[in-house]
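Overview (structure and organization)
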Amino acid sequence: MKDKLNAILLEINPKGNIGYKDNFLTRGYETTAGSNVLKGYISHYSATVVDLFEKNGFVTKAKFNCDAWAHGSSGENSDFGAVKNPWNNAYTPGGSSSGSSAAVASNYTKYATGTDTGGSIRLPAAFTNSSAIKPTYGAISRYGIVAMASSTDCPSLIAQNVKDVEVLFKIVSREDKKDANTFSSKRSLRGGQFKPGSLKIGLPKEYFIEGLDREVSEAVRQARQVLTEDGYKIENVSLPHTKYGIAVYYLIMPVEVASNLARYDGVRYGQARSFFGEEAERRIILGTFTSSAGYSAKYYQKAAKVRTLIIQDFDQVFKKVDVLLTPVSPTPPFKLGEKANDPLKMYLSDVLTVNTSLAGLPSLALSCGFTKKNLPIGMQFVGPRWSEPVLFSVGKRYQELTDWHKRKPSI
Amino acid sequence: MKDKRNQKLVIDSKLLEHVASLAKITVNEGEVKKYVVQLEEIIEYFRQLDKIDTLNIIPTYQVIDNTTNVLREDVIESSLSQKEALAQAKRTHKGYFLVEGVLNER
C-alpha cells in the first residue's frame, strides 16, 4: 500500500498498535529491509523483539519503509521510494528509520521500532519531533534483524514521548540465547533515584563548533537553560577525538557491511546480487577495499585504533559527569534531494551520532524546539553503558518542563 | 607538504573493477566512473587519520563487556523444517538448493 508519506510498506493489522522497521523479521509476512534483493522474502520466524512485544500484548500493525539495508541518513536509499517528513513533505524525516519516524510523528502508530548503527533512529527522531532510544550495545537482541554493521548494530525504539520509549525498552531489553552479545557481566542497569540536583550534565565543546546551525545551537542552549533552572549541574567537557568519528565510522562500518551482505547470493532466498542498489554497492566495494590485503593496516586497522581513542575520551568524561547533552544533527531537517548525489556530504549528517555508536553507548534523542520554518530540532542525552534509566529520568523530566513533544504536524 | 594535485589517486577504474569482482558486484561503465570519483573523495577524507599517533594503541573491534563464551544447554529445540528452509529458494531439486555450476570441466 502507498500512504501519503510513503512510510508504510505493508499493513498487517489496521487495529494493531506497533510497527516495525522493515529489517525486523515478522513470521509469515514480507521483510525487505528496503531492498529489491529481499523483495518477496517471507520469513519463517520473527525477530526476538517482535516475539517479546507480541508476548506482552502488542499487536503488529505495519512494516515501515527505510533506507535499503539501513544505509542512509535520509530514507532516500530505499528501493521503494523516499519517505516524506510529516512536518513538511519536501523534507526528509531522517534515515535510515525513515518510515518509523514518519509513522510515529503522523500518529499512524504510537510505537515503532528502528535500528541505529550510526544514528539511524536518532536522526529520524530529531527530524520529526519524536523520542527514541538507541540503547547500550547488547541491551536489545539483534536476532531476526537484517544485519548491517555487527559491532554497532542496535535495535532501537521510537515513540511520541520519552515515557513511552521507556515502557518499550523495559519490555525488550533482556538477554537472548540467540544473540550472545546480549549477555554481559555488567548488564545491570544503573539504579537509584535521579534527582536533578544529583546529576551532572556535560556539554562536550567539540559538539558545538563551526558548522552547527544557529537555530540548532540556540535550541540546545535553551534546553540547557531549562535543565539548569531545574537544578541539574552543567559542566563543560571535552572529547578531543570527536572530529575523527566520521572517518573511523565510515571505515569500520562498510567493512562489516561488506561481510554481512556477502550472504545474499539469491540461492536460498531473495534475488541475485545484481539487485543491490547504489549505496549498498558503494559500501560493499569500499569495505572490501579498505579491508583487503595491502590496505587493511592503513585503513581498517588504523580506524580500529582511533576507535579506541574515541572510547577512551568517553571513559574519561564519564568520570566527571553522568550524562552528556549534544545536538543530534548539526542542521535541522534537510530537503529531499539535497544531499542525494553526494555520498560524503550525506555521511557527514551523522557527525554527532557516530561516536556514541562506535563506543556502544546509549543515547536518548528527543526534540528541543523548532526552526522558524516550523521544522523540529533534536538533542540527545548520552550516558555510559547501561545508564538508560538515567537518560530516561532526565528525558522525562525535560518533557515535564517543556511542551515541544506535544506539538503535532498538521496533516 | 605534498601538493594535493600531485598525489597519486588511491582508486582507479581497474582497481575498482577488481575489488567489485572480489565482492561479486557487477558494475557497468557508468557506475565505475561514478564510484571511482565518489570513493576517491571518501578515501581522501580518511587521510585525516594519518596524523594521529596510534603506535601503542590496541585496536577496538567490539564493545561488549565480557569476552568469554556464552554457552547454552545441549538440548534439542525446534528448528525450520526442510520444507520451510527451501520455501524461499527460486530453484530446488529433490530437497536441495539448486545452484549454478562451480566447475566447468568434467
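Within any chain, residue numbers begin from 1 and follow the written order of that chain's sequence. Throughout, the order in which chains and ligands are written sets their labels, letters from A for the former and numbers from 1 for the latter. Local features in this predicted model are restricted to residues whose pLDDT is 70 or higher, and side-chain atom pairs enter the listing and the counts only when it is 80 or higher, whereas totals over whole chains, interfaces and linings include all residues. Water and hydrogen atoms were dropped before computing side-chain values, which therefore reflect all heavy atoms in the structure.

Focus: the overall build of chain B
The helix count covers DSSP runs of H or I at least four residues long, the strand count covers runs of E at least two residues long, and both are numbered beginning at the N terminus. The helix and strand inventory of chain B stands at three helices and two strands. When the elements of chain B are put in sequence order from the N terminus, they spell out α-α-α-β-β. Only protein chains enter the area calculation, which uses a 1.4 Å probe; residues under 20% of their type maximum are buried, those over 50% are exposed, and those in between are partly exposed. Counting every position in chain B, which comprises 106 residues, the buried fraction comes to 28%. Sequence-distant contacts in chain B: of pairs separated by 6 or more residues, those separated by 24 or more amount to 34%. Every accessible area reported is derived by Shrake-Rupley at a probe size of 1.4 Å, with residue values counting cover from the shown protein chains alone. A total of about 8900 Å² of accessible surface is found on chain B, and carbon and sulfur atoms cover 53% of it. By the convention used here, residues are in contact when the closest approach between their heavy atoms is within 4.5 Å.

With respect to the overall build of chain A
Counting secondary structure elements, chain A contains 11 helices and 11 strands. We compute the radius of gyration from the C-alpha atoms alone; for a globule the expected value is 2.2 Å times N to the 0.38, where N is the number of residues. Against the 2.2 N^0.38 benchmark of 22 Å for 411 residues, chain A shows a C-alpha radius of gyration of 19 Å, consistent with a compact globule. Buried residues in chain A amount to 66% of all 411 residues. Carbon and sulfur atoms form 49% of the exposed surface of chain A, whose accessible area is close to 14000 Å². Note on charges: Lys and Arg go in the positive column, Asp and Glu in the negative column, and His and the chain ends are not counted at all. For the purpose of locating charges, the reference atoms are NZ of Lys, CZ of Arg, CG of Asp and CD of Glu. Measuring between centres, the 52 positive side-chain charges of chain A sit 3 Å from its 38 negative side-chain charges.

Describing the packing of helix H1 (residues 48-55) of chain A against helix H4 (residues 162-172) of chain A
All names here are of chain A. All axes here are fitted lines through C-alpha atoms, helices being fitted over the stretch that makes contact, and every angle between N-to-C directions spans 0 to 180 degrees. Contact pair H1 / H4: the axes reach a minimum separation of 9 Å and the direction vectors enclose 105°. With respect to H4, the element H1 is oriented roughly perpendicular. Packed against H1, whose contacting residues are Val-49, Leu-52 and Phe-53, the element H4 presents Leu-168, Ile-171 and Val-172 at the interface. For the contact of H1 with H4, the per-class residue count stands at six nonpolar, no polar and no charged. Any angle between 65 and 115 degrees counts as roughly perpendicular, while under 35 counts as roughly parallel, over 145 as roughly antiparallel, and the rest as oblique. Under the grouping applied here, Gly and all other residues not named as nonpolar or charged are polar, the nonpolar ones being Ala, Val, Leu, Ile, Met, Phe, Trp, Tyr, Cys and Pro and the charged ones Asp, Glu, Lys and Arg.

A few points about the packing of aromatic side chains
All names here are of chain A. Within 6.5 Å between ring centres, the rings of Phe, Tyr and Trp (the latter by its six-membered ring) count as paired, and their orientation is classed by plane angle as stacked under 30 degrees, edge-to-face over 60, tilted in between. Applying the stated criterion across every chain, the model contains 21 aromatic pairs over all chains. An angle of 50° between the planes, with centres 4.6 Å apart, marks the rings of Trp-69 and Tyr-264 as tilted. Taken as a pair, Trp-69 in the loop between strand S3 (60-64) and helix H2 (98-105) and Tyr-264 in the loop between helix H6 (245-260) and helix H7 (278-290) lie far apart in primary sequence, 195 residues in all. Side by side, Trp-69 and Tyr-264 carry an identical accessibility label, which is buried. Connected via pairs of aromatic rings, a cluster forms that spans Tyr-20, Phe-24, Phe-53, Phe-58 and Tyr-111. Only lysine NZ and arginine CZ atoms are considered, and such an atom sits over a ring when it is within 6 Å of the ring centre and within 35 degrees of the ring normal. One cation-aromatic arrangement involves Lys-61 over Tyr-108; the distance from NZ or CZ to the ring centre is 4.1 Å.

A short note on the pattern of salt bridges
Definition used for salt bridges: Asp or Glu carboxyl oxygen within 4 Å of a side-chain nitrogen of Lys or Arg. Inspection of the entire model under this criterion finds 20 salt bridges over all chains. Across the pair Lys298(A) and Asp50(B) runs a salt bridge whose closest N-O atoms are separated by 3.7 Å. Placement of Lys298(A) in helix H8 (residues 297-317) and of Asp50(B) in the loop between helix H2 (29-46) and helix H3 (82-86) is noted, with the two residues assigned to different chains. Asp50(B) gets classed as partly exposed once you look at its relative accessible area, which sits at 40%. The residue Lys406(A) makes a salt bridge to Asp403(A) at a minimum N-O spacing of 3.4 Å.

Considering the side chain of Ser184(A)
In this structure, Ser184(A) sits in the loop between H4 and strand S7 (200-204). Residue classification places Ser184(A) among the buried positions, given a relative accessible area of 11%. In this structure the side chain of Ser184(A) is engaged in a polar contact, spanning 2.6 Å, whose partner is the side chain of Asp65(B). Nitrogen and oxygen atoms within 3.5 Å of one another constitute a polar contact, given that in protein one can donate a hydrogen and the other can accept it, and given that sequence-neighbouring residues count only through two side-chain atoms.

So, the interface of chain A and chain B
Facing the 61 residues of chain A at the interface are 50 residues of chain B. Buried area: the accessible surface (1.4 Å probe) lost by two parts on joining, summed over both. In total, about 5000 Å² of surface goes out of reach between chain A and chain B, with carbon and sulfur atoms giving 66% of it. In this assembly, chain A and chain B are joined by four salt bridges. Between the two partners, chain A and chain B, sit 18 residue pairs in polar contact (both at pLDDT 80 or more). Here the side of chain A that touches chain B takes 13 residues from H8(A), the largest share from any one element.

Description of the confidence of the model for chain B
In low-pLDDT segments, the atomic positions of the prediction should not be examined closely. For chain B, per-residue confidence averages 88 on the pLDDT scale, and residues scoring 70 or more make up 90% of the total. Below a pLDDT of 50 lies the segment residues 1-6 of chain B, which in the model reaches two contacts outside its immediate sequence neighbourhood of four places, other chains included. In predicted models, pLDDT denotes the confidence assigned by the predictor to each residue on a 0 to 100 scale.

Structural notes on the state of the cysteines
Note on terminology: disulfide denotes any pair of cysteine sulfur atoms within 2.5 Å. For the structure on display, the rule yields zero disulfides over all chains. Left without a disulfide partner, Cys66(A) is nearest to the cysteine sulfur of Cys154(A), which lies 16 Å away.

Regarding the pairing of strand S8 (residues 233-237) of chain A
Residues and elements named next belong to chain A. Should DSSP find at least two bridges between two strands, the strands are regarded as paired. Taken together, the five bridges between S7 and S8 define a ladder with parallel strand orientation. Its bridge partner being in S8, Gly-202 is matched across the sheet by Glu-235. Note on handedness: a crossover is taken as right-handed if, strands pointing away from the viewer, the path from the first strand over the helix to the second is clockwise. Taken together, S7, helix H5 (residues 214-229) and S8 constitute a β-α-β crossover, and its handedness is right-handed.

Describing the pairing of strand S9 (residues 323-327) of chain A
Residue and element names in this part refer to chain A. Most of S9 is tucked away: five of the five residues are buried. Residues Val-323, Leu-325 and Pro-327 line one face of S9 and the alternating positions Leu-324 and Thr-326 line the opposite face, and both faces are buried. One ladder, built from two bridges, connects S7 with S9; its direction is parallel. In the sheet register, Gly-202 faces S9, and the bridge partner there is Leu-324. Bridging between S9 and strand S11 (residues 376-382) involves four bridges; their strand directions are antiparallel. Each residue of the ladder has a partner; that of Leu-325, found in S11, is Phe-381.

Topic: the sheet that holds S9(A)
All names here are of chain A. The 11 strands are arranged S1-S3-S2-S4-S6-S5-S10-S11-S9-S7-S8 in an open sheet whose pairing can be described as mixed. The strands lining the two open edges of the sheet, one partner per strand, are strand S1 (8-11) and S8. Taken over all neighbouring pairs, the strand axes of this sheet differ in orientation by 25° on average, direction set aside. Taken strand by strand, H1 contacts strand S2 (18-21), S3, strand S4 (111-116) and strand S6 (154-159), and its axis lies near 175° from that of S2.

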